[in-house]
Each structure stands twice: as C-alpha cells, then as structure tokens.
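Descriptive analysis of the structure
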Amino acid sequence: MAPLTLVAINGGKQYPLAKDMILIGRQDLCDIHIDHKSVSKQHCLILIRGDRLWLRDLGSTNGCHVNGKRVRRSEVKQSDIIGVAGFNFRLTSKEARKKPIKTDAGTTKLNQDEIKRLEEGIRPKPSSSIGDTGQPVVRVNTLPDEYTPVQEEE
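Residues numbered from 1 in each chain as written. Predicted model: local features only at pLDDT ≥ 70, side-chain atom pairs only at ≥ 80, totals over all residues. Heavy atoms only, no water.

**Structural notes on the environment of leucine 110**
By the secondary structure assignment, leucine 110 is in the loop between helix H1 (94-98) and helix H2 (112-120). With residues near it in sequence (within four places) discarded, leucine 110 still touches Ile115 and Leu118. (Helix = DSSP H or I, 4+ residues; strand = E, 2+ residues; numbered from the N terminus. Contact = heavy atoms within 4.5 Å.)

**Let's talk about the pairing of strand E5 (residues 44-49)**
Within E5, 5 of the 6 residues are buried, leaving the element largely enclosed by the surrounding structure. Here 4 bridges tie strand E3 (residues 21-25) to E5, and the two strands are oriented antiparallel to one another. Paired with leucine 23 across the bridge in E5 is leucine 45. Pairing geometry for E5 and strand E6 (residues 52-57), over 6 bridges, is antiparallel. The residue bridging isoleucine 48 from the neighbouring strand is leucine 53, located in E6. Here E5 folds back onto E6, and the loop between the two strands holds 2 residues, one of which, glycine 50, carries a positive phi near 65 degrees. (Buried < 20%, exposed > 50% of the residue type's maximum accessible area, 1.4 Å probe, protein only. Pairing = 2+ DSSP bridges.)

**Some words on the pairing of strand E9 (residues 73-76)**
In E9, alternate side chains face the same way, and those of Ser74 and Val76 are buried while those of Arg73 and Glu75 on the opposite face are not. In this structure, E6 lies alongside E9, joined through 4 bridges in antiparallel fashion. Paired with leucine 53 across the strands is valine 76, a residue of E9.

**Re the environment of glutamine 42**
With respect to the secondary-structure elements, glutamine 42 resides in the loop between strand E4 (32-33) and E5. What makes glutamine 42 partly exposed here is its relative accessible area of 38%. Sequence separation between glutamine 42 and serine 60 is 18 residues, and the spatial gap between their C-alpha atoms is 7.6 Å. When residues no more than four places from it in sequence are discounted, the contact partners of glutamine 42 are Leu23, Ile24, Gly25, Gln27, Leu29 and Leu58. Within the structure, the side chain of glutamine 42 is placed 3.0 Å from the side chain of glutamine 27, a separation counted as a polar contact. (Polar contact = N/O pair within 3.5 Å; in protein donor to acceptor, adjacent residues only side chain to side chain.)

**Points about the packing of aromatic side chains**
Under the defined criterion, the tally for this structure stands at 1 aromatic pair. Here tyrosine 15 and phenylalanine 89 contribute two aromatic rings whose centre-to-centre distance is 5.9 Å and whose plane-to-plane angle is 70 degrees, an arrangement assigned as edge-to-face. Of this pair, tyrosine 15 sits in strand E2 (residues 14-16) while phenylalanine 89 sits in strand E11 (residues 87-93); the two residues are 74 residues apart in sequence, bridging distant segments of the chain. With respect to class, tyrosine 15 is no different from phenylalanine 89; both count as buried. (Phe/Tyr/Trp six-rings, centres within 6.5 Å; stacked < 30°, edge-to-face > 60°.)

**Section: the sheet that holds E2**
Spatially, 6 strands are ordered E2-E1-E11-E10-E7-E8 in an open sheet, and the strand pairing comes out antiparallel. In the strand order of this sheet, the two ends are held by E2 and strand E8 (69-71), each with one partner. With strand direction ignored, the average angle separating the axes of adjacent strands in the sheet is 30 degrees. As judged from the 3 bridges shared by strand E7 (residues 64-66) and E8, these two strands associate in the antiparallel manner. Bridged to cysteine 64 within E8 is valine 71. (Axes fitted to C-alpha atoms, helices over the stretch in contact; angles between N-to-C directions.)

Written out as structure tokens, the structure is:
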C-alpha cells in the first residue's frame, strides 16, 4: 500500500498515516489532535489492515462520516472524504497528489432496466459495458455499518 495522508479540506494541513492505528480526537494524546468542542476526546480510529483502511467511530456524539454518510465503521478508499464532527479530510497518497485530476470523466445515468437488474442482483449481459466477473452484482454486508439512532431509556 502506498503511503497515505489525510489532508484537511479547509486548511490543507496534512497528517501522514504512518502507523497501523491512528487515534483522532480532542485529547492531547491523540495522533491527530483536533482542539474543538464538537470533537470527542477520543473520536475515532483509522486502522490499516493489510491493503485495506478502516474508519471506526468510538461512540462520538457528533459522529463520523465517509463521503457525507454517517457511519460507525466503514472501509475507506483513496480520495474518500472523511468527516470528523464537521471537520473534513481527504484521504490521498503521494502519487495521487502528483497526478492531475480528470474533469472530463463523469457518471452515466442508469436506465430503468439497469436499475432493476442491480436491485435483483442479476449479472450483466455480455454485451453490457460492465465486465462479467461471475460475481453477484450487489453483495449485502451483514454487519450494521450505518448509523442507527438509539433512543435512550429514561
């Protein structure tokens, strides 16, 4: 895995991810220290396991986000945006910062047949632009990664 760095989107400050476990929070002992009242003392962890990178919320009040979606834990990929209580960081590598960003690459709108095929998990047709890997189109994660609000008992 190429050396990765968290880059603060608004300030541009860079935090190299040099260890297998990086603690983010308000306490002085955190690897990435964010001194703001909206950040929990020990807010979240970034874990590097092999060639995969994971974000794990440590029960923070204001939560963690990956690309705008609140998560308890999530795999993070290069160029994803990680949100820590309103502070946003982009995950990048040295090689990615050197490459120019392609602006002509866009997304293609799916038609109704393609949406139905994805929902049903049917493999694409051989003439389709999506490669036929023999794997299911959509795999369901059995772990509860999305944030689910819990009502406290009184």
